[in-house]
Amino acid sequence: IEYCHSQGFIEANVKQPVVVIEKIDRTDPDPDAERGYYIVIELTEGDQYSMGTLSVDGNDIFTDEQILDQFRLEESEVFDESKFKEDIQIITDMYRNRGYVNARVSPFQIKDQDRKIVNYEIDIYESSKVHIEHIYIRRNDKTKTYVIDRDLRIREGMPLDSYRLMLTQQRL
């Protein structure tokens, strides 16, 4: 299904597999005769869709242009759902790296079945910025606190930045 969705077949569907058992005829003289168990998987692809337009609503921190620049799919290009989801994650990370860890980026699909295009409205809930109030370093019996502290890429009072937090985890 993922492959079909990455090729623009957004309505692709797989039905429940059916196992067919054929009785093995031991008297058949042809040794290559097909016998045994068969698994039948029925796939319906539907029509292939292309990328339509994108619109953004609810954003104040980043401009529409900054958000729309993150999308790799061009208008009228075959729609690739996996690329689209990656781009949504990139936009979510943009917010999280600025301290908006509770921000939500929600795409709403609008299909135009006549023209075979898919448009999206990107609804953004930015939430409020989260700051680091305190950093506690505990259970460091062998390593001095100042040694750990100098490797931190986050500081008290800073906005919680998921990228800097990841760097801190890697360095420790």
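These notes cover the structure that comes with them. (Residues numbered from 1 in each chain as written. Predicted model: local features only at pLDDT ≥ 70, side-chain atom pairs only at ≥ 80, totals over all residues. Heavy atoms only, no water.)

Observations concerning the overall build of the protein chain
Next, step 1: Each helix and strand counted, the protein chain has 5 helices and 7 strands in total.
Next, step 2: Across its three principal axes, the protein chain shows a C-alpha extent of roughly 85 × 50 × 20 Å.
Next, step 3: Out of the 172 residues in the protein chain, the part that is buried amounts to 27%.
Next, step 4: Relative to all contacts within the protein chain whose residues are 6 or more apart in sequence, the contacts with residues 24 or more apart total 57%.
Next, step 5: Accessible surface computed for the protein chain: about 12300 Å², of which carbon and sulfur atoms make up 46%.
Next, step 6: For the protein chain, the centre of its 23 positive side-chain charges and the centre of its 35 negative side-chain charges are spaced 12 Å apart. (Helix = DSSP H or I, 4+ residues; strand = E, 2+ residues; numbered from the N terminus. Buried < 20%, exposed > 50% of the residue type's maximum accessible area, 1.4 Å probe, protein only. Contact = heavy atoms within 4.5 Å. Areas by Shrake-Rupley, 256 points an atom, 1.4 Å probe, with all protein chains shown as cover. Lys, Arg positive; Asp, Glu negative; His and termini not counted. Charge placed at Lys NZ, Arg CZ, Asp CG, Glu CD.)

Things to note about the environment of Val-19
Next, step 1: In this structure, Val-19 sits in strand 2 (residues 18-22).
Next, step 2: With 18 residues separating them in the primary sequence, Val-19 and Tyr-37 have C-alpha atoms 6.9 Å apart.
Next, step 3: Non-local contacts of Val-19, meaning those with residues more than four positions away in its chain, are made with Tyr-37, Tyr-38 and Ile-39.

Some remarks on the nonpolar core
Nonpolar side chains in soluble globular proteins tend to end up buried together.
Next, step 1: Within the largest apolar cluster, 21 residues are counted, with the highest numbers of intra-cluster contacts made by Ile-67, Phe-79, Phe-84, Tyr-95 and Ile-122.
Next, step 2: Looking at this core, the elements with two or more residues in it are strand 5 (50-57), helix 3 (81-96) and strand 7 (117-125).
Next, step 3: In terms of residue count, the dominant contributor to this core is helix 3 (5 residues).
Next, step 4: With near-sequence residues (within four places) excluded, Phe-79 lies in contact with His-5, Ser-6, Gln-7, Gly-8, Ile-10, Tyr-49, Ser-50, Met-51, Leu-73, Phe-84, Val-118 and Tyr-120. (Core = buried A, V, L, I, M, F, W, Y, C linked by side-chain atoms within 4.5 Å.)

Quick word on the sheet that holds strand 5
Next, step 1: Taken together, the 3 strands give an open sheet; going across it, the order is 5-7-6, and neighbouring strands pair in mixed fashion. Two strands close off the open sheet at either side, each with one partner strand: strand 5 and strand 6 (104-112). Adjacent strand axes in the sheet meet at a mean angle of 20° when their direction is disregarded.
Next, step 2: Judged from the 9 bridges that link them, strand 6 and strand 7 form a sheet pairing that is antiparallel. Within strand 7, the residue paired with Arg-104 across the bridge is Tyr-125.
Next, step 3: Contacts between helix 3 and the sheet are confined to strand 5, strand 6 and strand 7, with strand 6 contributing the most and set at about 150° to the helix. (Pairing = 2+ DSSP bridges. Axes fitted to C-alpha atoms, helices over the stretch in contact; angles between N-to-C directions.)

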